[in-house]
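# An overview of the molecular structure
So you can see what is in the structure, the chains are spelled out below.
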Amino acid sequence: GACTDGVNSYTCTCTAGWQGTNCDSNIDDCAANPCVNGACTDGVNSYTCTCTAGWQGTNCDSNIDDCAANPCVNGACTDGVNSYTCTCTAGWQGTNCDSNIDDCAANPCVNGACTDGVNSYTCTCTAGWQGTNCDQDINECSATNNCAVCQNLVPSYFCVCEISSYEGILCTWAVIGTTTYRVPATTTTTSRIAAIAICAGLDEGGGFLGEPLAANLPTILTKVVARSTFVSGFMWLNVVRQSGSTWVYGATGTVATTNFEFEANVLDNCAVMRVSDFKWIIVSCTSFTADILCQRAITGKVVSP
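What counts as what
- Residue numbering note: each chain is counted from 1, following its sequence as written.
- At least 70 in pLDDT is required for a residue's local features to be given in this predicted model, at least 80 for side-chain atom pairs to be given and counted, and no such filter applies to totals for whole chains, interfaces and linings, which use all residues.
- Each side-chain value is derived from all of the structure's non-hydrogen atoms; neither hydrogens nor water enter the calculation.
- The helix and strand labels rest on DSSP assignments: H or I over at least four residues marks a helix, E over at least two residues marks a strand, and numbering proceeds from the N terminus.
- Throughout this description, buried means an accessible area under 20% of the type-specific maximum (1.4 Å probe, protein chains only), exposed means over 50%, and partly exposed covers the range between.
- Two strands form a pair only when DSSP identifies at least two bridges running between them.
- UniProt positions are given in the numbering used here, feature names are shortened, and annotations may be inferred rather than shown by experiment.
- Nonpolar cores were defined as sets of buried Ala, Val, Leu, Ile, Met, Phe, Trp, Tyr and Cys residues, with membership established by side-chain atoms within 4.5 Å.
- What marks off one domain from the next here is an automatic or database domain assignment.
- Should any heavy atoms of two residues lie within 4.5 Å, those residues are counted as being in contact.

Per an unreviewed UniProt entry, the protein is named EGF-like domain-containing protein, and its organism is Ciona savignyi.

Set out below in structure tokens:
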């Protein structure tokens, strides 16, 4: 400090931070407890605050924003003191709302498989069931079928066939002459080889890819195609180009012997019937969208009860 002389005395004017007769006592700058949320360390005309967790600033009086880093991935963040709370949007859970809630955990699909989404699920129903949760029996008797008498069952139906017109447990094979034919219920993108496999795997013993006679074609088109979900405009039959313009058919006298549309000779091309004008068109055997006409002899058939 600075000294001022007196008579048998002196006076000290202390520099900032010091006190006492001789300015030799450091003023305790922490005495007023300036550190609101922390510990105070005294200096000379100064102090330093060491803040407790969650606080910042000269006097530890400013709350750190724990939401600044956006920790809530799918939700809203509420700041606390050295903490935060996430309010998750629908379908999410966890401290940071980053865990998708398994909406399939409650097994909502009564008769089907569940696929989880975000705050949603999708049911893939087993045959005969429908609805969001696959809990509604499909009334097969309300749809077009070939039954003379139909009784809805859960989940299928019981069918008494139209006499001499249809056969099979579900009356899905049309009787035409001495042969039965069937168009599957779906149109599929497939190759000829796959079409053959589909026919072989049908119910009641299966069949083979159709080889209809020309005389049977009008009846097939009206009885079989009209009573299927035929939507593609084309129909797979058992016809394959072996080489050049030489065609090999599954049976002699089939309708595939005439009316081919022109295309350059390409090895192993296939033909499908275009139903709109009964023409044959050349397509690749690799993949083509068409209904599949299956065929089998009546002998050995399984009939409806």
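## Observations regarding unusual backbone geometry
Positive phi outside glycine occurs at Asn 33, with the angle close to 50 degrees. Positionally, Asn 33 belongs in the loop between β4 (25-26) and β5 (38-42). Since its relative accessible area comes to 62%, Asn 33 is described here as exposed. Look at Cys 60: it is not a glycine, yet its phi comes out positive at around 55 degrees. Tracing the backbone through its elements, the reader meets Cys 60 in the loop between β7 (55-56) and β8 (62-63).

## What to know about the pairing of strand β13 (residues 112-116)
Looking at chain direction, β13 and strand β14 (residues 121-125) are connected through five bridges and run antiparallel. Bridge pairing links Ala 113 to Thr 124 in β14. Taken together, β13 and the strand that follows it, β14, pair antiparallel across an intervening segment of four residues, in which Asn 119 is found at a positive phi of about 55 degrees.

## Considering the UniProt feature "domain: EGF-like" (unreviewed entry) in the protein
The feature "domain: EGF-like" (unreviewed entry), as given by UniProt, occupies residues 1-24, 26-61, 63-98, 100-135 and 137-172 in the numbering adopted here. Within residues 63-98, the helical portion is 0% and the strand portion 36%, while the C-alpha atoms at the span's ends are 26 Å from each other.

## Details of the nonpolar core
Counting 21 residues, the largest nonpolar core has Tyr 181, Ile 220, Val 224, Met 235, Met 273 and Leu 293 as its most contacted members. Of all the secondary-structure elements, those providing two or more residues to this core are β18 (157-161), β20 (173-176), α2 (217-223), β24 (234-243) and β26 (270-274). Lining this core are residues from two domains, each supplying at least three of them: domain 2 (139-186) and domain 3 (187-207 + 220-242 + 255-304). Not counting the four nearest positions on each side in its chain, Val 224 is found in contact with Ala 174, Ile 176, Tyr 181, Arg 182, Val 183, Thr 219 and Leu 293.

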